[in-house]
Each structure stands twice: as C-alpha cells, then as structure tokens.
Amino acid sequence: MKLVRGAWKLLVAIKDGLVLIAMLLFFGLLFAALNARPGSKAIVPGALVLDLDGTIVEQPEEQAPFAALSGQAMPRQYRARDVLRAIDAARSDDRVKALVLDLDRFGGGYPATLNEVAEAIHRFRDTKKPVLAYATAYTDAGYRLAASASEIWVNPLGGTIFTGPGGSQLYYKGLIDKLGVNTHVYRVGKFKSFVEPYTRADQSPEAREASQQLLGALFGQWREAIAKARPKAQVGAFLASPDRMIVAANGDIAKANLASNIVDTLGDRVAFGRRVAALVGSDASRPVGTFNTIKYDAWIGANPLPKSGDGIGVITIAGDIVDGEGGPGSAHGDTIAKLILNGLAKKNLKALVVRVDSPGGSVLASERIRLAILEAKKKGLPVVVSMGGLAASGGYWVSTPGDVIFAEPATITGSIGIFGIIPTFEKTLAKIGITADGVKSTPLSGQPDVYAGTTPQLDTILQAGIENGYRQFLARVAQSRGMTPQRVDEIAQGRVWDGGTARQLKLVDRFGGLQDAVAEAAKRAKLDPAKVHAEYLEKAPGFAAQIAAGFADKDDDDATEEAQGGDVFARIAAERRGLLAQALGDVKRLATAGSVQARCLECGGLGPSDTAGSDARLLDLILARVGL
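Residues numbered from 1 in each chain as written. Predicted model: local features only at pLDDT ≥ 70, side-chain atom pairs only at ≥ 80, totals over all residues. Heavy atoms only, no water.

Quick look at the packing of helix α2 (residues 80-91) against helix α3 (residues 111-125)
Between α2 and α3, whose axes approach to 9 Å, the crossing angle comes to 10°. Here α2 is positioned roughly parallel relative to α3, judged by the angle of their axes. Every residue of α3 that contacts α2 at Ala80, Val83, Leu84, Ile87, Asp88, Ala90 and Arg91 is listed here: Thr113, Glu116, Val117, Ala120, Ile121, Arg123 and Phe124. Among the residues forming the contact of α2 with α3, the class breakdown is nine nonpolar, one polar and four charged. (Axes fitted to C-alpha atoms, helices over the stretch in contact; angles between N-to-C directions. Helix = DSSP H or I, 4+ residues; strand = E, 2+ residues; numbered from the N terminus. Parallel < 35°, antiparallel > 145°, perpendicular 65-115°, else oblique. Contact = heavy atoms within 4.5 Å. Nonpolar A, V, L, I, M, F, W, Y, C, P; charged D, E, K, R; others polar.)

Let's talk about helix α7 (residues 205-229)
In a regular helix each residue adds 1.5 Å, so 25 residues correspond to 36 Å; α7 covers 36 Å between its end C-alpha atoms and thus fits that length. All buried positions along α7 are accounted for by Ala207, Ala210, Ser211, Leu214, Leu218, Trp222, Ala225 and Ile226. (Expected span 1.5 Å × (residues − 1). Buried < 20%, exposed > 50% of the residue type's maximum accessible area, 1.4 Å probe, protein only.)

Looking at the packing of aromatic side chains
Within this structure, the stated rule accounts for 11 aromatic pairs. Relative to Trp222, the ring of Phe162 lies with its centre 5.4 Å away and its plane at 65°, an arrangement referred to as edge-to-face. Of this pair, Phe162 sits in the loop between β6 (151-154) and α5 (173-179) while Trp222 sits in helix α7, placing them 60 residues apart in sequence. Here Phe162 matches Trp222 in class, with each residue buried. An angle of 20° between the planes, with centres 5.6 Å apart, marks the rings of Phe219 and Trp222 as stacked. Taken together, the positions of Phe219 and Trp222, both in helix α7 and three residues apart, correspond to about one turn of that helix. Aromatic rings pair up to connect Tyr138, Tyr143, Phe162, Phe219, Trp222 and Phe238 into one cluster. Against the face of Phe511 rests Arg503, its NZ or CZ located 4.6 Å from the ring centre. (Phe/Tyr/Trp six-rings, centres within 6.5 Å; stacked < 30°, edge-to-face > 60°. Lys NZ or Arg CZ within 6 Å of the ring centre and 35° of its normal.)

Regarding the nonpolar core
The biggest cluster of nonpolar side chains holds 55 residues, and the ones touching the most others in it are Ile87, Leu99, Leu103, Tyr138, Tyr143, Leu145 and Trp299. Take this core: its biggest share by element is seven residues, from α2. Residues within four places of Leu145 in sequence aside, it is in contact with Leu52, Leu101, Leu103, Phe106, Leu114, Val117, Ala118 and Ile121. Judged by nonpolar contacts, the second largest core, of 49 residues, contains Ala331, Trp397, Tyr470 and Leu537. (Core = buried A, V, L, I, M, F, W, Y, C linked by side-chain atoms within 4.5 Å.)

Some thoughts on the environment of Lys350
For Lys350, the location among the structural elements is in strand β13 (residues 349-358). Separated by 30 residues in the primary sequence, Lys350 and Gly380 have C-alpha atoms spaced 9.1 Å apart. Setting aside chain neighbours within four positions, we find Lys350 in contact with Asp310, Gly311, Ile312, Leu381, Pro382, Ala525 and Leu527.

With respect to a nonpolar patch on the surface
Together, Phe425, Val450 and Tyr451 line one region of the surface with nonpolar side chains, adding up to about 280 Å² of accessible area. Relative to the helices and strands, Val450 resides in the loop between α16 (426-431) and α17 (456-481). (Patch = residues over 30% accessible without salt bridge, like charges linked within 9 Å, V, L, I, M, F, W, Y side chains within 5 Å. Areas by Shrake-Rupley, 256 points an atom, 1.4 Å probe, with all protein chains shown as cover. Salt bridge = Lys/Arg side-chain N within 4 Å of Asp/Glu carboxyl O.)

Here's the deal with the pattern of salt bridges
Summed over the entire model, instances satisfying the criterion amount to 29 salt bridges. As a salt-bridge pair, Arg370 and Glu367 come within 2.8 Å of each other at their nearest N and O atoms. Residue Arg370 and its partner Glu367 are both found in helix α14 (residues 363-378); the two are separated by three residues, about one turn of the helix. Grouping residues by exposure puts Arg370 and Glu367 together as buried. The network of salt bridges with common partners includes Arg79, Arg81, Asp82, Arg85 and Glu538.

As structure tokens, then:
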C-alpha cells in the first residue's frame, strides 16, 4: 500500500510540475507576443521591407492562437489598405531610404488589387527613392509589383516564366454518374457556369466565350501595365516563345530573363543584401548581406489610420457571402448587417461607403446585407460603393443600393444570375440494393427526398422560385442603374465582366479606389474630403487574435535568415496546389450551402492562391487522411 501511495504522490508531483511548466511557458510566450506588438519599437532609418510571404486580400482571416507553435500556421494574409498606407506613408518620411519588395513567397492577389499596389510603388519611386525587388522566381502577380521597381533582382539558380491567366477547371460529371448521384439543377442565366462542373464533363460554349473575353481583357491590362512600367522588357517575346529564348540561354532561365531585360541583376540574397546596404546602411556587427530595415508591422503601427474630422462609415464585404454570423474572411450576412446597423445607431456617420470584394454566395445573406445598407439611405446618408478586386454575383447584389459605384478597370464584376442545386442518391442506393418507399399524403411529402429523388411538382416549384429570384435581381439592378429590366437581362445572364467593360455597360459609374469612394461620399455629404476620415465598421480583433498576430510577427532585421521561396518549378507547383484546394473548397461550399446561391465560378482562379484559407486546410486534411 505504501508503494502505491508513493507512486501516486510521484505521479501527482509530475502532473503538477508539468502544469506549472505549461503555465510558465504560456505566460512567457504571452508576454513576448504582447511586447512584440507593432509600434512598440522606435523606427530607425533604413529600408522599408515588404516581405510579402502570403497573399494580399481585402480582409484577412483571423489566425488561430498558437497555430504557429503547433506547426499549423498558414502563410500570412496582408490587408490591402494597410499595404497601400505603408507605401504611401513612406514617401514623405526621411527615415525610409528605400523600399524593398521581397516577393520570394508572394501568393498574389486579384488583378485590381495588384494594380493599386503597383501604382503606390510607382508613386514611391516618383520621390526619387530606390525600390528594389527580389525573388528566386517571380509569378505573374509578383512581377506585376516588381515591374514598378527601379531594380529587379532574381536568383541565378531561379528565373521567371509567365503563364498568363486561365487553365483547367475540374468537372465532376463523370464521377457523379459513376456514383449514381442525381444532380437537380435550378438556374437562370446561360452564362451562369458555377453549376457546370456538376452537370457537364467539359466547358459549355457560353462559358468558354465569357471566359475568353474576361481573361483576354485582364491579361491585356497586365501586359499593358508591364510595358508601361518597364518598356525595355521583352515580355511579349518571352510570352510568345519562352522555349526558344530559354533554349538559346542553354536552359538557364535566369540568364534568359536578364537577356530579355525582364530583370536587371542576377544575384543571391547576400549579394542583394549588400546592394541594399550600400543604399541604406548596415550594422557592421551583423552578418554580411544584412541592412538597416524597417519592419512592416512596426511601420504600420507607427502610421495608424487617421481619426480627425467627420466619420465616413466603411463596411467591408469580403469573401464568400454566407448565412449567419462569423469572423473575418467570409462575409456573414447577419454579422455584416449588425455592424452596419450598430454603426448607424452608435456612430455619428455622415455617409456610408460599401467596400465589396466578394464572388457572391447566399442570396438570403446578400439580401440581408442589402436591406441593412438601405437603412443608411433611409437616414439620408449618401451611399457609395467601392468595388475591390472582385464584386460579382452576390457581390453585385449588395452593391445595388449605391448612389454611385466605383471600380477598377481590372475589377471582376457582373455574374448577375442565381442557381440552386440539390443532389439525390436513389441511383447510388440502388447500386447496393437499397430502395426507398413510403406513404405520401401530398406531392411534396418528404421532399426533397434524397433517398428516392425529387418529384416533378417540386422541380417546377424550385425552378419557378429561381426564376422569381432572378427577376428580383434584375429589378434591383435596373432600379440602381437606371435601366429597364430587359436591358439588364441582356447584359446579365450570369456573365462576368472586367471593370472596363462593366463601365461601358453602365454596371459601374467611375474608375477609382477606396479613397476615391470616401472622397465622393464626403462631397455628397457636403463635406470637405480633406477633413474626413474612414470609420471602419468592423469588429475589433479579440484578445486571442491579438496574441496570434503577435506570434505571427517575424524579425526582418536579418535578410539572410529568412526562408527562401522555391524556383520556377516550385512556384508553379504551389499555384496548381492552390487551384486544387479551391476546387475542393467549391465542392464543400456546394454541399453545405443552405440557400439559393448567387456565386461566380470564373472568379476563383483569378485571385490570390488559397494558401492561407480554409480551402488549403481542407486539402491538407484530405492529403493527411490518404497518407500523402
């Protein structure tokens, strides 16, 4: 018995010791995270380093606390307006001697967003301060930013090839047929292609036509922007015959880039660091290749959003529009509506700007948001819509209350159409000898019946409901745009447009970014645009999210110690992996959607790679399950 008691005391002591160690570790890490908050360190002169090791998005998702410690941390998401503010604030600050773009692990962004950042980089260059870009291999998105730099470096063992937008889309019709799943589709709009992967084995002629027009317009804008920013770069020749140019350089992609004036200098990170150090200075006590840096997070903390003057409310609708409540990263209808209504009730707002960056989603949630925006108009507030990289389908639905709509030439918009899908499994069950039967008191008893299929009466009702929803969509757009429903129907049908074409079709009014929309809202409220500030209607990050952000901060002081991105092959593989994750996410969203959908299919492959979101986590989970 004494032996048992002794063993028990020993186990209790071990347990208490482990708990004590865990608590000490927790509070130690908490203290370190809180002391690493942006703005807690003085800004010293040097180069502002934008190490964009992730994607640029309108509204980042909150990272789970301690994800980094568990090895589950995903690449970072950078808020677009923060990146723009960081660059613009650096233009007139003498402490910033240069701007460094580290694009080794850049995951991209929507074309319109990249254009805004590139223009900000060009404004920085106009101050005669140098801008230096580095990557082992540039993606198309990365090069869009790098082209605005005064010096473009690439690793001699890397190199860049351009792929252009487009590629393959997965179609599941063959698998669905093999499984015996019966897919009931209810839709309006011959160009509403989101349902095609579940009903076809290939792309329809209508979807192909729409995609060719959209991709052609966006790629044309990309080429035009590169030619303007870097006129000596032989990008056209490299796009037309990359194989010939690379073979001529004996397979050395980096040398082929240099010969084509796509890059300026070949060099590794140490050589690049020495070059920056020659411009901004360095600490002799630090390793070779390092230079005086200004960390991005510290710089953002030192340049907070202005708060003086009258408040112009800004509500952000970013990500998939879904029902219910939730955090940033997806546009939850109830959450956004509540933010708008609370802002109108508790803040002295003079106008409302609706910032949209969404491919759409739930019609119910979209309408919930639209009605909340209309409350601002009932109070007599001007409402201005600012479309970011993407405002399609449900994203356009929530834009219809705007007095004026701003977009960028590369904004992806339109996709005015809706659909619904219900899968049933009567054929699947029959394959294994299972049938379904029962007593039904009406034609709708037990409907939709996933075991025995839908009835003609239900199909008729659901299709009629979709058509009614489409008519409502047309009516909202017609009223907003001053068109007839018939004219809207001609340019709708689920077709996706680039911002330039959308302006010609009068789906948008003007070109401009968020600040242009805020200035317009101020003018409509009879205020001086120079004497107002954007009052963002968003939930403040919770304590756990702040801890997570603290752990996510990294030290940019040592340029040689950062993890490096892969070569051109690794970058291409990473992009393809992102597309696979996105396809899996589409299947998940379809299976879990609980209402009629207004969603855009074409939008998915044109934005940032989903290396930081839920789609990537879903892919990782599946690969882990199958042992890959």
